[in-house]
Amino acid sequence: MAARRQYIPLSERYAAVLSLLLPDDVKADLIKRRATWRDVERAYKKLGQVDHNVTVRTDSSKRQKRWFNLNYLTIAQHKAKTAQDAKDHAKMDRFARLHLTGDKRTPAQKKRHRPIPSRKFANREQRQMLRARYGEKT
């Protein structure tokens, strides 16, 4: 009877797959050091980041949390994509607010950009009364 194969833990299989994506020199160094699967994961994270193809705000279903919605990007690519996603989300928010309230601005933005209020004593009778009481200023 043939010997039974040993079980290979999921973490080791995960590290083997990640090591295929690493550059050869990094992989060789990890093999030489007999690195653990956590070291392989750390080396992988230094090179890039995992990003959602369809962003969380656009698709809130369980589908967006699955592996097929994830993409590996370098740190620079991920930073650029995140900035573009933030712009897109802000634009979606503005148009949603326009549709719901009729104005793109938030209440805080409206408060900051309110028109300059008029003077307290704007009508003619009040100004004449003050001039009579305190005299004409030149």
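What you see is a predicted model; the values in this text were computed from it and never measured.

Each helix and strand in the chain was counted, giving six helices and two strands. When the helices and strands of the chain are placed in sequence order, the string is α-α-α-β-β-α-α-α. Here the chain holds 138 residues, and the buried ones make up 14% of them. Relative to all contacts within the chain whose residues are 6 or more apart in sequence, the contacts with residues 24 or more apart total 37%. For the chain, the accessible surface area stands at approximately 12,500 Å², while carbon and sulfur atoms represent 56% of it.

The next thing to look at is the confidence of the model for the chain. Overall, the prediction assigns the chain a mean pLDDT of 80, with 84% of residues at 70 or greater. Looking across the chain, the model is least confident in helix 6 (residues 124-134), with a mean pLDDT of 78, and most confident in helix 4 (residues 75-101), with 90.

Time to look at the packing of helix 1 (residues 10-21) against helix 3 (residues 37-47). Here helix 1 crosses helix 3 at 35°, and the two axes come no closer than 9 Å. At the point where helix 1 passes helix 3, the crossing takes the left-handed sense. Within the contact between the two elements, helix 1 uses Ser-11, Glu-12, Tyr-14, Ala-15, Leu-18, Ser-19 and Leu-21 and helix 3 uses Trp-37, Val-40, Glu-41 and Tyr-44. Broken down by class, the residue content of the contact of helix 1 with helix 3 amounts to seven nonpolar, two polar and two charged.

The next point concerns the nonpolar core. Membership of the largest hydrophobic core is limited to seven residues, which are Ala-15, Leu-18, Leu-22, Leu-30, Val-40, Ala-43 and Tyr-44. Only helix 1 and helix 3 provide two or more residues apiece to this core. Among the elements that take part in this core, helix 3 stands out by supplying three residues, more than any other.

All right, on to the environment of Lys-79 then. Locating Lys-79 in the fold gives a position in helix 4. Spatially, the C-alpha atoms of Lys-79 and Gln-49 are 9.4 Å apart, while their sequence positions differ by 30 residues.

Take Asp-51: it is sitting in strand 1 (residues 48-52). Side-chain polar atoms of Asp-51 contact the side chain of His-78, separated by 3.2 Å.

This paragraph deals with the packing of aromatic side chains. Summed over all chains, the structure comprises two aromatic pairs. Measuring from centroid to centroid gives 6.5 Å for Tyr-14 and Trp-37, while their planes differ by 70°, and the two rings are edge-to-face. Taken together, the positions of Tyr-14 in helix 1 and Trp-37 in helix 3 put the pair 23 residues apart, joining distant regions of the chain. You can call Tyr-14 partly exposed: its relative accessible area is 36%. Ring centres of Tyr-44 and Tyr-72 lie 4.2 Å apart, and the angle between their planes is 25°; on these two criteria the pair is classed as stacked. One end of the pair, Tyr-44, is in helix 3; the other, Tyr-72, is in strand 2 (residues 70-74), with 28 residues separating them in the sequence. The class for Tyr-72 is partly exposed, based on a relative accessible area of 29%.

Rules and cut-offs
Position numbers for residues start from 1 in each chain and track the written sequence from start to end. Side-chain atom pairs in this predicted model are given and counted only at pLDDT of 80 or more, local residue features only at pLDDT of at least 70, and totals for whole chains, interfaces and linings cover all residues. Side-chain measures here rest on the full set of heavy atoms in the structure, leaving out hydrogens and waters. Strands here mean DSSP runs of E at least two residues long; helices mean DSSP runs of H or I at least four residues long; both are numbered from the N terminus. The classification of residues rests on relative accessible area computed with a 1.4 Å probe and restricted to protein chains. Under 20% of the type maximum is buried, over 50% is exposed, and intermediate values are partly exposed. Every residue pair with non-hydrogen atoms within 4.5 Å of one another is taken to be in contact. Here the open area of atoms and residues is found with the Shrake-Rupley method and a 1.4 Å probe, where only the protein chains shown may cover a residue. Confidence scores labelled pLDDT are given residue by residue by the predictor and lie between 0 and 100. Fitting a line to C-alpha atoms yields each axis, with helices limited to the stretch in contact; the angle taken between N-to-C directions then spans 0 to 180 degrees. The crossing is said to be left-handed when, going from far helix to near helix, the turn is anticlockwise and less than a right angle, and right-handed when the turn is clockwise. Note that Gly is not counted as nonpolar here; it falls among the polar residues with everything else outside the nonpolar set of Ala, Val, Leu, Ile, Met, Phe, Trp, Tyr, Cys and Pro and the charged set of Asp, Glu, Lys and Arg. By convention a nonpolar core is built from buried Ala, Val, Leu, Ile, Met, Phe, Trp, Tyr and Cys residues, the set being connected through side-chain atoms within 4.5 Å. Definition of a polar contact: a pair of N or O atoms within 3.5 Å, with one able to donate and the other able to accept a hydrogen when the atoms are protein atoms, and with sequence-neighbouring residues admitted only if both atoms are side-chain atoms. Pairing of aromatic rings covers Phe, Tyr and Trp, the last counted by its six-membered ring, and requires centre-to-centre distances within 6.5 Å; plane angles under 30 degrees mean stacked, over 60 mean edge-to-face, and any other angle means tilted.

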